[in-house]
Amino acid sequence: MAITGSFFILFLLVLTTTGSTSSVVGEMVTVLSIDGGGIKGIIPAIVLSFLESELQELDCDEDARLADYFDVIAGTSTGGILTTMISAPNEKGRPFSAAKDIVSFYFDHGPCIFPPGASPPFFAPKYDGKYLHNVLQEKLGETRLNQTLTNVVIPTFDMKKLQPIIFTKSEIANSPQLDAKLSDICIGTSAAPTYFPPYYFENDDGKGNKYEFNLIDGGVVAGNPALIALSTVINSTETDPSFASIKPMDDKNILLLSLGTGTIADFAGKYTAEEAAHWGLVSWLFHNNSNPLNEMTSAASAIMNDYYITTIYRALGAKINYLRIEENALTGTTTQMDNATEANMNLLVQVGENLLKKPASNGNPETNEEALKRFAKLLSERKKLRANKASQ
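Since the structure is predicted, the reported quantities are computational estimates derived from the model, not experimental observations. (Residues numbered from 1 in each chain as written. Predicted model: local features only at pLDDT ≥ 70, side-chain atom pairs only at ≥ 80, totals over all residues. Heavy atoms only, no water.)

Participant: Help me understand the nonpolar core in this model?
Facilitator: General note: in soluble globular proteins, nonpolar side chains tend to be found buried as a group. Formed by 75 residues in total, the largest nonpolar core has its most connected members in Leu32, Leu51, Phe167, Leu257 and Leu372. Sorting elements by how many residues they give to this core places helix H2 (residues 42-58) first, with nine residues. Excluding its chain neighbours within four sequence positions, the residues that come into contact with Phe167 are Leu145, Val152, Val153, Ile154, Thr156, Leu178, Ala180, Ile185, Phe201, Phe213 and Leu215. (Core = buried A, V, L, I, M, F, W, Y, C linked by side-chain atoms within 4.5 Å. Buried < 20%, exposed > 50% of the residue type's maximum accessible area, 1.4 Å probe, protein only. Helix = DSSP H or I, 4+ residues; strand = E, 2+ residues; numbered from the N terminus. Contact = heavy atoms within 4.5 Å.)

Participant: Help me understand the pattern of salt bridges, please; the structure alone is not making it clear to me.
Facilitator: Two side chains of opposite charge can pair, provided their charged atoms sit close to one another. If you walk through the whole model with that rule in mind, you get 13 salt bridges. Of the charged contacts, one joins Arg382 and Asp71 as a salt bridge, the two residues approaching to 2.9 Å between their closest N and O atoms. With a gap of 311 residues between them, Arg382 in helix H13 (residues 368-391) and Asp71 in the loop between H2 and strand E2 (72-75) connect regions that are remote in the sequence. Each member of the pair, Arg382 together with Asp71, is buried. For Glu326, the salt bridge is made with Arg324, and the minimal N-O distance between the two is 2.9 Å. Arg324 gets classed as buried once you look at its relative accessible area, which sits at 4%. Taken together, the shared-partner salt bridges connect Asp35, Arg324 and Glu326 into one network. (Salt bridge = Lys/Arg side-chain N within 4 Å of Asp/Glu carboxyl O.)

Participant: Teacher, can you tell me more about the pairing of strand E6 (residues 210-216) here?
Facilitator: On a regular strand, each side chain points to the face opposite its neighbour's, so the side chains alternate between the two faces of the sheet. The sheet contact formed by strand E3 (residues 151-158) and E6 spans two bridges and is antiparallel. Directly across from Phe157, in E6, lies its bridge partner Ile216. In terms of strand pairing, strand E5 (residues 199-204) meets E6 through six bridges, oriented antiparallel. Looking at the pairing, Tyr200 lines up with Asn214 of E6. (Pairing = 2+ DSSP bridges.)

Participant: In this structure, what is going on with the pairing of strand E7 (residues 254-259)? I would like to understand it.
Facilitator: Counting buried positions over the six residues of E7 gives six, a clear majority of the element. Neither face of E7 is open: one carries Ile254, Leu256 and Ser258, the other Leu255, Leu257 and Leu259, and all of them are buried. Summarising the sheet, strand E1 (residues 29-34) and E7 pair through six bridges and their orientation is parallel. When the bridges of E7 are listed, Ile34 appears paired with Leu259. As paired elements, E7 and strand E8 (residues 322-325) share four bridges and run parallel to each other. Counted as the bridge partner of Leu257 is Leu323 from E8.

Participant: Just checking my understanding: could you explain helix H6 (residues 182-189) for this structure?
Facilitator: Burial runs high along H6: eight of the eight residues are buried. What H6 keeps buried is the set Leu182, Ser183, Asp184, Ile185, Cys186, Ile187, Gly188 and Thr189.

Participant: Is there a simple way to think about helix H3 (residues 78-87) in this case?
Facilitator: One turn of the α-helix equals 3.6 residues, which is why residues spaced by three or four share an orientation. Within H3, ten of the ten residues are buried, which leaves the element mostly enclosed by the surrounding structure. Where H3 is concerned, the buried positions are Thr78, Gly79, Gly80, Ile81, Leu82, Thr83, Thr84, Met85, Ile86 and Ser87.

Participant: Mind showing me how you'd approach empty space enclosed by the protein here?
Facilitator: The rolling of a water-molecule-sized probe over the atoms marks out the regions of remaining empty space. For the structure shown, the criterion picks out two cavities of 30 Å³ or more. Lining the largest cavity are 17 residues, and of these Thr78, Ile81, Tyr106, Ile113 and Phe114 lie nearest its centre. Counting residues per element, the lining of the largest cavity draws most heavily on helix H4 (residues 102-113), at five residues. Along the lines of polarity and charge, the residues of the lining of the largest cavity split into eleven nonpolar, six polar and no charged. In this structure, the second largest cavity is lined by Ile81, Thr84, Met85, Phe96, Phe105, Leu136, Lys139, Leu140 and Cys186. Secondary structure elements with two or more residues in the lining of the second largest cavity: H3 and helix H5 (130-140). Taken together, the residues of the lining of the second largest cavity sort by class into seven nonpolar, one polar and one charged. (1 Å grid on protein atoms, 1.4 Å probe; cavity = no way out; pocket = protein on both sides within 12 Å on 5 of 7 lines; lining within 4 Å. Points joined across faces, edges and corners; volume = space filled by probe spheres on them. Nonpolar A, V, L, I, M, F, W, Y, C, P; charged D, E, K, R; others polar.)

So this is what it looks like as structure tokens:
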């Protein structure tokens, strides 16, 4: 996503001029953000499973779920599907999926979503998307955005309107046409150009007015949706009743966990100007079984989002409240967003498990695992304080 200098300055000013300077756990807004990346969603799924198990242990509750602890969960593409799985209600009114069950979803359905032997996408999408559509429609049924158990933020891009469409529960009151079926939203945010066809559906605003959506992958807007999630929090503090208990709030008390799906060994040595000097359109889109243009723009978007957010939190003296977990050294088949062979998915599981042991990116002497345990304690404390306050 292209972020202009003026937008960044405005965003920084909003953060630094709003709220008090106190730091109260009970007033924290908690945000989870999950990047796009196809089958590489296995990596953040491993991290989420670890975090949820820590919360269950802290609160002595094996039924505790991530949606019980996060005020906002944002996700793009495969991250949007993850977001929906952990926030949509099942028949008992609890989250559709426990975090520990997400990896098995990829193993069960990934090979059919990304079947081997697909033709190169020169004249048509690589995959027809029918299996993915059927799975999401079967699993999510008629469940709509307003029914999610916490506020969700899922970006897409409408190719007909030529503008981003952000499906956000907190905006339904102002834009009731956004209250679409979650299956439609998930199909739209994951309709990656060249991989899947664009997705068309209609929805109404409850007053008989029809709205058309012509959607492609949310990665066109933001492969890393963390900035969009933060913007949602800022807007919601004034308009969403569910945030009333935290007003007036200190914006540096936004606890943000951002999960990536991995980048390619920092691109070290993979491409050179000399090599690309004679590339045309085909080479930029299809080179050695990869898509250099997509790889570079996706990585740049994620890196710059992280850079802006890190700068904001550091300026506020609250850098420990932001944690970005991303594997920056993917190699071989793990770099491919559509390699759903069992061997590669097992490698992605290993990447996720190893990532927990690596140093955290926030500059503190923690591993990602230690930082997640610290976050889990804050999430648990905040939930208990709010529950006590609500009972008074």
